[in-house]
Amino acid sequence: MLLLPAVITHAEVPHVLSLFKQTLDKADKGSSDAAMLTVDGSALQRFDSSALAVLLECQRMARAKGRAFAVQSLPPRLTELARLYGVDGLLQSA
């Protein structure tokens, strides 16, 4: 599981994607228990549309490795932003 940081703006994107890649690589080396990779947004407090780009890229990376992907505990404002951009259906919630 990847716990998102409190802030995701354009400046934090490379760092967050690097963390997810590390999480994904670690899951690949682990057992089949890691078939579902989950991103937890409960700590996220300040964000812009870059947070959606991060989530969509994390989903793409997970699927490229044959892993299922889910998000949980996204802030309501981020969910509304996803709906506004028409990508809410692309992000599965756990």
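For the structure itself, look to the data block above.
Just so it is clear, the model here is predicted, and its values are computed rather than measured.

Caption draft 1: Spatial organisation of unusual backbone geometry. A positive phi is found at S73, a non-glycine position, where the angle reads about 60°. Here S73 lies in the loop between β5 (68-72) and α3 (76-85). By relative accessible area, S73 is classed as partly exposed at 44%.

Caption draft 2: Just the nonpolar core, in detail. With 27 residues, the main nonpolar core has L4, F20, V39, L55 and L78 as its most contacted residues. Mapped onto this core, the elements with two or more residues apiece are α1 (13-29), β3 (36-40), α2 (50-64), β5 and α3. Contacts of L4, omitting those with residues within four sequence positions, involve V16, V39, D40, G41, A43, L44 and L55.

Caption draft 3: A look at α1. With 17 residues, α1 extends 25 Å from end C-alpha to end C-alpha; this agrees with the ideal 24 Å at 1.5 Å per step. Listing the buried residues of α1 in full gives V13, V16, F20, T23, L24 and A27. The buried residues of α1 occupy an angular sector of 100° when the element is viewed end-on, so they sit on one face. Set apart from the buried face of α1 by more than 90 degrees, the exposed residues are P14, H15, Q22, K26 and K29. On its buried side, α1 packs onto β1 (2-3), β2 (7-8), β3, α2 and β5.

Caption draft 4: Main features of the packing of aromatic side chains. Scanning the model with the defined rule gives one aromatic pair in all. Ring centres 6.1 Å apart and planes at 80° place the aromatic pair F20 and F69 in the edge-to-face group. With F20 in helix α1 and F69 in strand β5, the pair connects residues that are 49 residues apart, well separated along the chain. Of the two residues, F20 and F69, both sit in the buried class.

Caption draft 5: Quick peek at the side chain of T9. By the secondary structure assignment, T9 is in the loop between β2 and α1. Here T9 falls in the buried class, since its relative accessible area comes to 18%. Polar side-chain contacts of T9 include one of 2.4 Å to the side chain of E12. Among all residues touching T9, those that are not within four sequence positions of it are D48 and S50.

Caption draft 6: A look at the sheet that holds β5. With parallel pairing, the three strands of this open sheet are ordered in space as β1-β3-β5. The sheet terminates laterally at β1 and β5, the two strands that pair on one side only. Taken together, the two bridges between β1 and β3 define a ladder with parallel strand orientation. Residue pairing in the sheet places L2 in a bridge with V39 of β3. Lying on the sheet, α2 is in contact with β3 and β5; it crosses β5 at an angle near 155°.

Definitions and cut-offs
Residues numbered from 1 in each chain as written. Predicted model: local features only at pLDDT ≥ 70, side-chain atom pairs only at ≥ 80, totals over all residues. Heavy atoms only, no water. Helix = DSSP H or I, 4+ residues; strand = E, 2+ residues; numbered from the N terminus. Buried < 20%, exposed > 50% of the residue type's maximum accessible area, 1.4 Å probe, protein only. Core = buried A, V, L, I, M, F, W, Y, C linked by side-chain atoms within 4.5 Å. Contact = heavy atoms within 4.5 Å. Expected span 1.5 Å × (residues − 1). Arc of directions from axis to C-beta. Phe/Tyr/Trp six-rings, centres within 6.5 Å; stacked < 30°, edge-to-face > 60°. Polar contact = N/O pair within 3.5 Å; in protein donor to acceptor, adjacent residues only side chain to side chain. Pairing = 2+ DSSP bridges. Axes fitted to C-alpha atoms, helices over the stretch in contact; angles between N-to-C directions.

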